[in-house]
Amino acid sequence: QVQLVESGGGLVQAGGSLRISCAASGRTFSGYVMGWFRQAPGKERELVANIRWTGGSTYYADSVEGRFTISRDNIKNTVYLQMNSLKPEDTAVYYCAATIDRGNYRSRFELGYWGQGTQVTVSS
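Residues numbered from 1 in each chain as written. Predicted model: local features only at pLDDT ≥ 70, side-chain atom pairs only at ≥ 80, totals over all residues. Heavy atoms only, no water.

Please clarify how the state of the cysteines should be interpreted in this entry.
Covalent bonding between the sulfur atoms of two cysteines is what defines a disulfide. Throughout the structure, instances matching the rule amount to one disulfide. A sulfur-sulfur distance of 2.1 Å marks the disulfide that ties C22 to C96. Handedness of the C22-C96 disulfide follows from its S-S torsion of about -75°: it is left-handed. Residue C22 is located in strand β3 (residues 18–25), and its partner C96 is located in strand β9 (residues 92–100); the two are separated by 74 residues in the primary sequence. The pair formed by C22 and C96 is uniform in burial state, with each residue classed as buried. (Disulfide = S-S within 2.5 Å. Helix = DSSP H or I, 4+ residues; strand = E, 2+ residues; numbered from the N terminus. Buried < 20%, exposed > 50% of the residue type's maximum accessible area, 1.4 Å probe, protein only.)

Listed below in structure tokens is the structure:
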């Protein structure tokens, strides 16, 4: 019943910006960590950013820190990833995920909920 639906992907030129969204439904997400992952062809899935639903503390991968911003809207039950200064190496399928907040322990997204993904392509 829990659903995570990504949208907003597309093709953008290097240096451009894009905002992708994750519409979350089926439950309240208090006590959850929301994450954005990406997977490029032939590469492993990697965590891009995450945010605690309650409190809003964030984490960013080194490769995107300073360029990407993760946020959430408590009313719309939506998580966003604002991507600026995009590079061709950002090209990937971007996935939204949610898992129970384990505090200072590593989030186990593999045990949580996942969306279907949205394609982001950055041309040079």
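The discussion continues.
Before we go on, may I ask you to explain the pairing of strand β4 (residues 32–39) in this structure?
For a regular strand, the rule is simple: side chains alternate between the two faces of the sheet. Across the eight residues that make up β4, a large majority, seven, are buried. Pairing analysis gives eight bridges linking β4 to β9, with the strands arranged antiparallel. Across the sheet, residue W36 finds its bridge partner in β9, namely C96. Where β4 meets strand β5 (residues 46–52), six bridges bridge the pair, whose relative direction is antiparallel. By the bridge assignment, M34 is partnered in β5 with I51. Hairpin remark: β4 followed by β5, antiparallel, with six residues in the connecting loop; positive phi at G42, about 75°. (Pairing = 2+ DSSP bridges.)

Teacher, can you tell me more about unusual backbone geometry here?
Generally, phi is negative for residues other than glycine and the peptide bonds are trans, each holding for most cases. Although it is not a glycine, N77 adopts a positive phi angle of roughly 55°. In this fold, N77 is placed in the loop between β7 (68–73) and β8 (78–83). The exposure class of N77 is buried, given its relative accessible area of 18%. Although it is not a glycine, S85 sits at a positive phi angle of roughly 50°. By the secondary structure assignment, S85 is in the loop between β8 and β9.

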